[in-house]
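An overview of the molecular structure
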Amino acid sequence: MKNIGRIQDLRYYSKRGVRFTTVCGLVLFMGSQAFADVLGRLHFSVKGAADEKPVANAKITLRDSANVKPPITITTDKDGNATTDAIDARSWHVATEADTLQVDNRDVVVVADTTTDIEVLLEPLKEKVIKLTGNKNVTRPTQTESSTPRDQAFQQKFPSAPGNRQSLNQFLRTNPGLAQDSVNQLHPRGEHSSTTIYINGFQLPGAFQGRFGQVLSPTAIQNVDVMTGGYAPEYGRETAAVLNVSLRAGTIRPFSTFALSGGGYSTIDSGFTFGGQLGRDYGAANDDGTRAKRFGYLIDVNGRSTANALEPPQPDNQTAHNHGQGYTGFGNFDYKLSSKDSRSLLLSGNPANNEVANRTGLSGFYAPFGQGYGYGGAQGPGSGLGTQQQDGQDVFQRDRNEFGVLNYFRQLDPHSEMRLSFGLIHSGLDVLNHNPSIDLANLPPDNSIEFNPNVIRNSRDAQFQGSWTRNQGKHTFKAGFTADRETSADSYSLNPASQLALNTLLSGDPNNSTPDPTNPLYLLRPDGNNPSTVTVNRRGWYRAAYLQDTWRITPKLTANYGLRFDDYQVDQTTQRNAEAPFSDSESLQMISPRINLAYALSPKTVLRASYNRLMITPPGAQGSAVGSIVPPEKLNQYEVSVEHQTGKGQSAKMSAYIKDIRDQLDTGLLVTGTQIGVLVTDSIPKDFVRGYEFSYNLFPTQPFGLDGYVSYQIATAKPQGIPDAYNDHDQLHTLSLGANYTFRTGWQAGGEFNYGSGFASSVLVDGDNRHPHAQLNLRIAKPNLYKSVGVALEVENVFDHRDLFNFNSAFSGTRFQQGRRILLSLNGKF
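Throughout, a residue's number is its position along its own chain's written sequence, starting from 1. Given that this is a predicted model, residues contribute local features only at a pLDDT of at least 70 and side-chain atom pairs are listed and counted only at 80 or more, while totals for whole chains, interfaces and linings are drawn from all residues. In computing side-chain values, all of the structure's heavy atoms are included and hydrogens and water are not.

Among the six residues of strand E38 (residues 804-809), five are classified as buried, and the element is accordingly described as predominantly covered. Pairing between strands is defined by DSSP: at least two bridges between the two strands are required. Here a strand is any run of E in DSSP of at least two residues, a helix any run of H or I of at least four, and the numbering for each starts at the N terminus. Inspection of the sheet shows E38 paired to strand E39 (residues 813-816) by three bridges, in the antiparallel sense. When the sheet's bridge partners are listed, Ser 809 is paired in E39 with Gly 813. Once E38 ends, the chain turns through three residues before running back antiparallel as E39. Any residue under 20% of the maximum accessible area for its type is buried, any over 50% is exposed, and the rest in between are partly exposed; the area is computed with a 1.4 Å probe on protein chains only.

Moving on, we get to the environment of His 93. By the secondary structure assignment, His 93 is in strand E6 (residues 91-97). Judged by relative accessible area, His 93 falls into the partly exposed class, the value being 27%. Taking the C-alpha atoms as reference points, His 93 and Gly 374, 281 residues apart in sequence, are found 63 Å from one another. Every residue pair with non-hydrogen atoms within 4.5 Å of one another is taken to be in contact. Contact partners of His 93, with chain neighbours within four places excluded, come to Thr 61, Leu 62, Arg 63, Asn 105, Arg 106 and Asp 107. Polar contacts here mean pairs of N or O atoms no more than 3.5 Å apart (in protein, one a potential hydrogen donor and the other a potential acceptor; neighbouring residues in sequence count only if both atoms are side-chain atoms). Only 3.5 Å separates the side chain of His 93 from the backbone oxygen of Arg 106, close enough to count as a polar contact. Here Asp 107 takes part through its side chain, which lies 3.0 Å from a polar atom of the side chain of His 93.

Further remarks concern the pattern of salt bridges. Throughout this description, the term salt bridge denotes a Lys or Arg side-chain nitrogen within 4 Å of a carboxyl oxygen of Asp or Glu. In the structure shown here, the tally under the stated rule is 33 salt bridges. For Asp 430, the salt bridge identified is with Arg 400, shortest N-O distance 3.1 Å. Within this pair, whereas Asp 430 is found in strand E23 (residues 416-433), its partner Arg 400 is found in strand E22 (residues 395-413), the two being separated by 30 residues in sequence. Asp 430 gets classed as buried once you look at its relative accessible area, which sits at 1%.

Right, let's get into the nonpolar core. Leu 172, Ile 197, Ile 199, Leu 204, Leu 216, Leu 243 and Val 245 are the most contacted members of the largest nonpolar core, which has 30 residues in total. Listing elements by their share of this core, those giving two or more residues are helix H4 (168-172), strand E12 (195-199), strand E13 (202-204), strand E14 (221-229), strand E15 (241-247) and E22. By residue number, the principal contributor to this core is E15, which donates four residues. Not counting residues within four places of it along the chain, the set of residues in contact with Leu 172 comprises Leu 178, Leu 186, Val 226 and Leu 243. Core analysis: the second largest hydrophobic core is formed by 24 residues, Phe 208, Tyr 375, Leu 429 and Leu 670 among them. The nonpolar core is taken to be a set of buried Ala, Val, Leu, Ile, Met, Phe, Trp, Tyr and Cys residues, with the residues joined through side-chain atoms within 4.5 Å.

In this section: helix H5 (residues 499-507). Most of H5 is tucked away, with eight of its nine residues classed as buried. Listing the buried residues of H5 in full gives Leu 500, Ala 501, Leu 502, Asn 503, Thr 504, Leu 505, Leu 506 and Ser 507. Each element contacted by the buried residues of H5 is listed here: strand E24 (451-472) and strand E25 (475-496). Taken from the residues just after H5, Gly 508 is the one with a positive phi, measuring 90°.

Note on aromatic contacts: the rings of Phe and Tyr and the six-membered ring of Trp form a pair at centre separations within 6.5 Å, being stacked when their planes are under 30 degrees apart, edge-to-face when over 60 apart, and tilted otherwise. Under the defined criterion, the tally for this structure stands at 20 aromatic pairs. Ring centres 5.8 Å apart and planes at 10° place the aromatic pair Tyr 366 and Phe 807 in the stacked group. Within this pair, whereas Tyr 366 is found in the loop between strand E21 (352-355) and E22, its partner Phe 807 is found in strand E38, the two being separated by 441 residues in sequence. For the pair shown, Tyr 366 and Phe 807 are each scored as buried.

What follows is about unusual backbone geometry. Located in the positive-phi region is Thr 100, a residue other than glycine, with phi close to 65°. Among the structural elements, Thr 100 can be located in the loop between E6 and strand E7 (104-109). A positive phi is found at Lys 787, a non-glycine position, where the angle reads about 55°. Residue placement: Lys 787 occurs in the loop between strand E36 (773-786) and strand E37 (789-796).

Across the sheet, five strands lie side by side as E9-E14-E15-E12-E13; this open sheet has mixed pairing. At either end of the open sheet lies a strand with only one pairing partner, and these are strand E9 (146-151) and E13. Averaged over all pairs of adjacent strands, the angle between their axes in this sheet comes to 25°, without regard to strand direction. Of the pairings in the sheet, the one linking E9 to E14 comprises six bridges and is antiparallel in character. Pairing of Ser 146 across the sheet is with Gly 229, part of E14. Working convention: axes come from line fits to C-alpha atoms, limited for helices to the stretch in contact. Angles between N-to-C directions cover 0 to 180 degrees.

Before going further, it helps to examine the side chain of Arg 594. Tracing the chain through its elements places Arg 594 in strand E28 (residues 582-602). Charge assignment: positive for Lys and Arg, negative for Asp and Glu; neither His nor the chain ends contribute. In this structure, Arg 594 is buried with no salt-bridge partner, the nearest side chain bearing the opposite charge being Asp 566 at 5.0 Å. A distance of 3.0 Å separates a polar atom in the side chain of Arg 594 from the backbone oxygen of Arg 613.

The patches reported here contain residues having more than 30% relative accessible area and no salt bridge. Joining distances are 9 Å for like charges and 5 Å for nonpolar side chains (Val, Leu, Ile, Met, Phe, Trp, Tyr). Only the protein chains shown count as cover for residues, with accessible areas throughout obtained via the Shrake-Rupley method and a probe of 1.4 Å. Nonpolar side chains collect at one region of the surface, where Leu 706, Tyr 741, Phe 743, Trp 747, Ile 780, Leu 785, Tyr 786, Leu 793, Ile 822 and Leu 824 lie side by side and expose about 990 Å² of accessible area between them. Contributions of two or more residues to the nonpolar patch are made by E36 and strand E40 (821-829). The element contributing the most residues to the nonpolar patch is E36, with three residues. Of note, Trp 747 is situated in the loop between strand E34 (733-742) and strand E35 (748-756).

Turning our eyes to something else, we now look at the confidence of the model for the protein chain. Of the residues in the protein chain, 94% have a pLDDT of 70 or more, and the chain-wide mean is 89. Values of pLDDT, the confidence the predictor places in each residue, fall between 0 and 100. Predicted confidence in the protein chain is weakest over helix H1 (residues 4-7), with a mean pLDDT of 33, and strongest over H5, with 97. Within the model, pLDDT remains below 50 along residues 1-36, and this stretch shows 143 contacts once partners closer than five positions in the same chain are excluded. In this model, residues 127-137 is a region of pLDDT below 50 whose contacts with residues beyond four sequence positions or in other chains number 31 contacts.

Right, let's get into the pairing of strand E18 (residues 291-306). Across 14 bridges, strand E17 (residues 267-285) lies against E18 in antiparallel orientation. Directly across from Tyr 282, in E18, lies its bridge partner Ala 292. Taking the residues that link successive antiparallel strands as the turn, the E17-E18 hairpin has five residues, and the phi of Gly 289 there is positive, at about 90°. Pairing analysis gives twelve bridges linking E18 to strand E19 (residues 324-336), with the strands arranged antiparallel. Opposite Arg 304, over in E19, you have Gly 326 as the bridge partner.

So, on to the sheet that holds E7. In space, the four strands of this open sheet follow the order E3-E2-E6-E7, with antiparallel pairing throughout. Looking along the sheet, the strands with just one partner apiece sit at the ends: strand E3 (72-75) and E7. Each strand axis lies, on average, 25° off the axis of its neighbour in the sheet, ignoring direction. Strand direction decides the pairing type here: strand E2 (residues 59-64) and E3, joined by four bridges, are antiparallel.

Mapped onto the elements of the fold, Gln 166 is located in the loop between helix H3 (152-157) and H4. The contact partners of Gln 166, leaving out residues within four places of it in the chain, are Gln 214, Ser 217, Pro 218, Asn 302, Gly 303, Arg 304, Gly 326, Tyr 327 and Thr 328.

So, on to the environment of Gly 540. Its location among the elements puts Gly 540 in strand E26 (residues 534-552). Among the residues examined, Gly 540 registers a relative accessible area of 4% and is labelled buried. Separated by 46 residues in the primary sequence, Gly 540 and Glu 586 place their C-alpha atoms 9.4 Å from one another. Once residues within four sequence positions are removed from consideration, Gly 540 is found in contact with Asp 484, Arg 485, Glu 486, Gln 569 and Val 570.

Here is the structure:
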């Protein structure tokens, strides 16, 4: 149901130390499946360049760019053809050699869940052998989804998140279609969030929105495909964006690395990563004689502390009760049972604590709109009230995000494989306080401290997944399922600190004390002169099954198509104090057709088109009011794009998309005007999003030279049926661009610039212009300044812009851009 009380008169739309949880009882589910694999195949056609005749018995050697898998060698048949088994979907270095012909060297990117055709033309052997280098399939012509690849090398070269290495959102905003707003909010293609993370083929259920800590740190990622459209039927649940992640794993040569940085706003960031392989040898030896082992391990831990944790409610005094600390811990353990069987165990714990920033008052410029004093910040310094900082407000947030996943993979035969997964996931988010005590029988008329919150939320998932994949000629068939059982227990106590706050709980209007039982906040009112507590218990499931085919119809045309079935059910019981409980439920079953096409207009140009029917399940938050439930989102997404390889390691892409949405999920604050971080989810009946994207990537094939990227989007997100209205997170222009130059001496110099034309929620009054925001980050680094120790100097927000992000917005209150932060870092190996 739509929260009319929160929306108020429709203007809501028109303006706008690491602790691991022990994972016990992980059981290997012997069925037939896994969700989104990160494996693919390569088919080689080797010919002589002079006569284009097939070259038989050519030796093709593939070397893993991550140095995790042993070299793979295959030989062409009499027709010059050879196909690999299923291998990890990332970059591989390929060397092709044959008698009397030159060696061809190239980097090839494997596309997940399909077979990519690679044509190799071998030149006649001359007196001087010339080795060809370069990524020859940057555009990935057999790929049908709309995605952008990012990897460890990208993280290390571009200052996407110099002030916070744990921030996955800041790393992801380098992709077209993703706009970063305040308080860890990332908006993909007109949605509030609704992003799913797949790790090594396992889909993580959604964690609570509004968290300060991370579900997954970028330091644990080997490479990721950031998908925003053209989804194969295997992808589901929260599909505003999909992160198909391949995690770092133990390398053939053991390693240990450290990173330590410190700088402005008392920011300290430290990290330690080590990994390697143990046990018996398997596979071929590398050129240096090293061999892969059967057991691989990788452990990555990171800790961060800062006095300016999240975007504050004023441009100055940004450290007023804004301290935060977060930890990430990750372990990836895998064991190769045989040439056909392997198992892996993933463990992750990511606790965090942060203070909710206090208002300290705004300048006279904001006098007509509210300067941060009194309830909702509506008053100025002349009201006689103190600020939240002066009154001693102490509200804080505690996050816990943990998971353990057991995977089993088996190569059934040369053409098919299966994967089974079982995971336990816990997400917790509490908003608590050490505020001054409240006398509910003698409330002040107004107060800058609005509420004393005591909110505790926990969600637990037990999830099975599996898939079966078969490569049959020009077809790659895949079938799979997921079965997730979720339970949650929440407790809400929101004690008013003024009469205006009490009025809001009673009627939804701070100036009206008449009780209104239809007010979404009414359930949270005090019980006479005593605080009230509302408990909410939920049990439900999410189940899905899919069947798909990736068909290379011709050498130029590839189609991915199929059906997906989604089944969502939640049952909820709500109780206030000792009153009689009441129940509610929501369910939806939906069959979704998907078709995604890729056509090679030329060897370097690919045209893609797609139609996706999608269902998005609600995030980890309450409905419009405590005790209510919102339905899943349903939408039709249409997209067309063209991608062209402009040179070695270079590609440019243009996309256009339309999203026709029903029951759009839009997350916001439980009580608008506050900033305490207790979130609920609204349901917008009809919404329409359209956008155009341009991206350019330059990644040189040499270890030195210029790297760069450009990501731009022009888009609108509008609720239907409300004239001149926009979603509060709508932003017309979003731009991210970066450049890095690596000198032959090893020194690196780079920068990143991010610009937004302003969110609808940055508008102060009707008819006012939006407030744009811009940020420039710089980085100078030498990875091996002294032996294996490197240094980096990074500047976040060079020009110290403190632009307005949101003003009294429904999902984050008032937020300003964080100021300049200078950091010095050391990193090294040992």
